[in-house]
Amino acid sequence: MSQDPLNSPEHELFRETVRRFTEEELRPRAREFDEMGRFDTSLFKKMGDLGMLGLRYDPKYGGAGLDWSYSAVMFEELGRADNAGVTMGISVHTDMATPSLAEFGSEELKQQFLVPSIAGDMLSAIAVTEPDAGSDVSGIRTRAVRDGDEWVINGSKIYITNAATADWLCLLAVTNPDAGYGGFTQIIVPTDAPGFRYELLDKIGNWGSDTGQLFFEDVRVPVANTIGEIGRGFQQQMMQFQDERLVACVSAIAGSSMLWEETRSWAEERILFGKPLSKMQNTQFKMVELYTQLTAAKELVNTCVRKRVAGEDATNLITMAKLFCGGVCRRVADECIQFHGGYGYMKESMAGRAFVDSRLISIGGGSDETMLFYMAKQLGF
Amino acid sequence: MKILVCLKQVPHQDARLDIDGAGTWIKEDGIKFEINSYDTFALEEALRIKDAGEAEVVVVSIGPDRVTQALRTALGMGADRAIHVKDAEIDGSDTLGIAKVLAAVAKEESPDLVLMGLMSDDGNASAVPPMMAELMGVPSATAVMKATPEGDGYRCERELEGGALEVVDLAKPCLIAVQSGLNQVRYASLKGIMAAKKKPMDTKSAGDLGLSGVVGAAGAKAQIEKIYAPVRGEGAEIIEGSTDEVVTQLVGKIKELGLL
């Protein structure tokens, strides 16, 4: 029998390493990160040393030169950190803000920003969404106007993960308002550039990540900070979104699976009317239904990963996976709260946190409606 | 300098354990395994000695195919080569049988130092290290909290009851069985994991080690009669009230039982 491309001995060893890292460094401090409203960024250096921050990137820049299957392993385990915000902050760095730089960036830009990002010396954020442009990316207004060898940037971005901790941003800006989809450009903006500032936002969930609004007032960066071609930013960003969506699915389903396991243990311990909650048929039926949904979601996600590993186009499947996983995670969280009763409504309960955390899956990285709109077109409606 | 590190693979600490049909072990199907936690500290200690100078670290484990995962992890962490002792004839060995197998490997390898955990997370016998040392004819120390090079051997600080420490000097070759927590165990980095693919792993049978017919269930002096989950007790009395009331009642109960 041929080797499963997602399950070689090396995958298992890497899974063991990430699992240990998650169990020893992240899960014990999960509530501390919530209190901090951010991740302990010193752990990025440790992750860099372990090779976790550049799995698919060229070894020339410190990456491991591996395929998507290793990303899947990593986020299956990080998804069990008991802190969706932390997992999101890490994934923004590894799979949302850096892919375009790795794919299209100049050698100088890669040396300056990608190498330290893979090493864990720099943290990145992706700056696309604006107050008036969310899933409709083409509606963004932040402008970058060329002045000699510099871009002069003005505008605002909102709901940006790693807003306070990022060292640089992968910014999508309008560089030619008359060129339609050919008028956008991806530009690297260091967060210590004069004229840049941020304000943190207070979210209902994902407390372990620093989400904020960014402001650009005559921020000047070299034109050499352009990622890829001027005017190709929209297309490059769309490609980058595919990784973002798949990573979100992997970690979300892993987190929901952990919640299912925790709820099962709770149901086995909880005595109601003289017998464990788990011995009641309603509990068993609902738990099996949730398990079925989670299994279906996992298989769909694994199919996406296998396609990515094989180098095949997985856009449609990833779009449907994002749509499906969001629904599954929300349902799992909702039902698990019910099993926990009053305790499930407490902020300290895993089910309670999952209830607010999972709501984001159907919004971030393109809303459910964006996925539906895209798939409707693909199906010829 | 050659260091032999003995690793046991045990069920993962979070695994759901069910007793098998014979009632003498757990069902191993579908559960995850990991390196015995005590042994990870031994491995880390060996790797630190290697990092500090010239040393070859050889890891050995006994068991079915699944134990190659433990050996690969050790190679990924920095061990140089691995020995997998795999033979159905060894199944059912008692601690002395396991010690014989490990001592036979040690005889072939002639290490300057053998490192292993004080005990295993699953068996909890703490028997193999001293037995192995006796079979090898080398000095040993167990429950070692700290080992530092001293002359031609190691000065070991052993943990005793009540938090006391005992200092013993061992001349090389020797065997050190470590207590948990004596170091911070490193992770296997991705680079290390990929490098491990090229590191050698030998497989040996009982026959290869000259132990055919000597180890296994037939030669075991101790056999597992049964394993079972503790039966939940009944009749516990909960004493309630203020601290003073609870203490007074508790002392009364103890006196009632004639224990005071």
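Residues numbered from 1 in each chain as written. Chains lettered and ligands numbered in written order. Predicted model: local features only at pLDDT ≥ 70, side-chain atom pairs only at ≥ 80, totals over all residues. Heavy atoms only, no water.

With respect to the sheet that holds strand β5 (residues 81–85) of chain B
Residues and elements named next belong to chain B.
Thinking step 1. In space, the nine strands of this open sheet follow the order β9-β8-β7-β10-β6-β1-β4-β5-β11, with mixed pairing throughout. The open sheet has two edge strands, β9 (165–171) and β11 (201–204), and neither has a second partner. Between one strand and the next, the sheet's axes are offset by a mean angle of 30°, whatever the strand orientation.
Thinking step 2. With four bridges joining them, β5 and β11 adopt parallel strand pairing. (Pairing = 2+ DSSP bridges. Helix = DSSP H or I, 4+ residues; strand = E, 2+ residues; numbered from the N terminus. Axes fitted to C-alpha atoms, helices over the stretch in contact; angles between N-to-C directions.)

Regarding the pattern of salt bridges
Thinking step 1. Considering all chains together, one arrives at 44 salt bridges over all chains under this definition.
Thinking step 2. Here B:E44 ties to B:R186 by a salt bridge, and the two come within 2.9 Å at their closest N and O atoms. A residue pair is termed long-range when its members are at least 10 positions apart, and B:E44 in helix α1 (residues 37–52) and B:R186 in the loop between β10 (174–178) and α5 (190–196) qualify at 142 residues.
Thinking step 3. Beyond isolated ion pairs, a larger network of salt bridges with shared partners links A:E12, A:R15, A:R19, A:E76 and A:E77. (Salt bridge = Lys/Arg side-chain N within 4 Å of Asp/Glu carboxyl O.)

Section: the layout of surface pockets
Thinking step 1. Of the pockets and cavities examined, the largest pocket occupies roughly 1,700 Å³.
Thinking step 2. The wall of the largest pocket is formed by 45 residues, among which A:R19, A:R80, A:E261, A:K298 and B:K32 lie closest to the centre.
Thinking step 3. Elements with a contribution of two residues or more to the lining of the largest pocket: α1 (9–26), α4 (68–78), α8 (233–269) and α9 (281–309) of chain A.
Thinking step 4. For the lining of the largest pocket, the element with the most residues is α8(A), which contributes eleven residues.
Thinking step 5. Residue composition of the lining of the largest pocket, by class: 15 nonpolar, nine polar and 21 charged.
Thinking step 6. Three or more residues apiece are contributed to the lining of the largest pocket by two domains, here domain 1 (9–123) and domain 3 (235–378) of chain A. (1 Å grid on protein atoms, 1.4 Å probe; cavity = no way out; pocket = protein on both sides within 12 Å on 5 of 7 lines; lining within 4 Å. Points joined across faces, edges and corners; volume = space filled by probe spheres on them. Nonpolar A, V, L, I, M, F, W, Y, C, P; charged D, E, K, R; others polar. Domains from an automatic or database assignment.)

Remarks on a nonpolar patch on the surface
Thinking step 1. Together, A:Y343, A:Y345 and A:M346 give the surface a local cluster of nonpolar side chains, amounting to about 360 Å² of exposed area.
Thinking step 2. For A:Y343, a relative accessible area of 31% corresponds to the partly exposed category. (Patch = residues over 30% accessible without salt bridge, like charges linked within 9 Å, V, L, I, M, F, W, Y side chains within 5 Å. Areas by Shrake-Rupley, 256 points an atom, 1.4 Å probe, with all protein chains shown as cover. Buried < 20%, exposed > 50% of the residue type's maximum accessible area, 1.4 Å probe, protein only.)

Notes on the nonpolar core
Thinking step 1. One finds A:F14, B:V5 and B:I176 to be the most contacted residues of the largest nonpolar core, which totals 100 residues.
Thinking step 2. Among the elements that take part in this core, helix α10 (residues 315–340) of chain A stands out by supplying eleven residues, more than any other.
Thinking step 3. Residue contributions to this core reach at least three from each of two domains, namely domain 1 (9–123) and domain 3 (235–378) of chain A.
Thinking step 4. Ignoring sequence-local partners within four residues, the contact set of B:I176 consists of B:L113, B:V114, B:L115, B:M116, B:A141, B:V144, B:A147, B:Y154, B:C156 and B:L170. (Core = buried A, V, L, I, M, F, W, Y, C linked by side-chain atoms within 4.5 Å. Contact = heavy atoms within 4.5 Å.)

Regarding the domain arrangement of chain A
Residues and elements named next belong to chain A.
Thinking step 1. As assigned here, chain A comprises domain 1 (9–123), domain 2 (125–231) and domain 3 (235–378).
Thinking step 2. Between the C-alpha centres of domain 2 and domain 3 the distance comes to 30 Å.
Thinking step 3. For the pair domain 2 and domain 3, the two sides together bury roughly 1,100 Å², of which 55% comes from carbon and sulfur.
Thinking step 4. One can count zero salt bridges joining domain 2 with domain 3. (Buried area = accessible area lost by both parts, 1.4 Å probe.)

Focus on the packing of helix α5 (residues 84–97) of chain A against α8(A)
All names here are of chain A.
Thinking step 1. Here α5 crosses α8 at 150°, and the two axes come no closer than 9 Å. Classified by the interaxial angle, the pair formed by α5 and α8 is roughly antiparallel. In the crossing of α5 with α8, the sense of the turn from one axis to the other is right-handed. On the side of α5, the interface is formed by T87, S91, D95, M96 and A97, while α8 contributes Q240, D243, E244, V247 and S251.
Thinking step 2. For the contact of α5 with α8, the per-class residue count stands at three nonpolar, four polar and three charged. (Parallel < 35°, antiparallel > 145°, perpendicular 65-115°, else oblique. Left-handed = near helix turned anticlockwise from the far one by under 90°.)

Some thoughts on the pairing of strand β6 (residues 113–117) of chain B
All names here are of chain B.
Thinking step 1. Summarising burial for β6: five of the five residues are buried, a large majority.
Thinking step 2. Residues L113, L115 and G117 line one face of β6 and the alternating positions V114 and M116 line the opposite face, and both faces are buried.
Thinking step 3. Sheet analysis places strand β1 (residues 2–6) next to β6, joined by four bridges and oriented parallel. Residue pairing in the sheet places L4 in a bridge with V114 of β6.
Thinking step 4. Pairing between β6 and β10: five bridges, direction parallel. Residue pairing in the sheet places L115 in a bridge with I176 of β10.

Focus: the interface of chain A and chain B
Thinking step 1. Each partner contributes residues to the interface: chain A has 22 residues there, and chain B has 18 residues.
Thinking step 2. Summed over both partners, the interface of chain A with chain B buries about 1,800 Å², with 55% contributed by carbon and sulfur atoms.
Thinking step 3. Along the contact surface separating chain A from chain B lie one salt bridge.
Thinking step 4. As a salt-bridge pair, B:R16 and A:E268 come within 3.2 Å of each other at their nearest N and O atoms.
Thinking step 5. Remark: the boundary between chain A and chain B carries nine residue pairs in polar contact (both at pLDDT 80 or more).
Thinking step 6. Those elements that provide at least two residues to the side of chain A that touches chain B are α1 and α8 of chain A.
Thinking step 7. Of all the elements, α1(A) adds the most residues to the side of chain A that touches chain B, at 13 residues. (Polar contact = N/O pair within 3.5 Å; in protein donor to acceptor, adjacent residues only side chain to side chain.)

Details of unusual backbone geometry
Thinking step 1. Cis geometry is found at the peptide bond from B:K172 to B:P173, where omega equals -5°.
Thinking step 2. Note that B:P173 resides in the loop between β9 and β10.
Thinking step 3. Even without being a glycine, A:D218 presents a positive backbone phi close to 50°.
Thinking step 4. Position of A:D218 relative to the elements: it lies in strand β7 (residues 211–222).
Thinking step 5. A relative accessible area of 52% places A:D218 in the exposed class.

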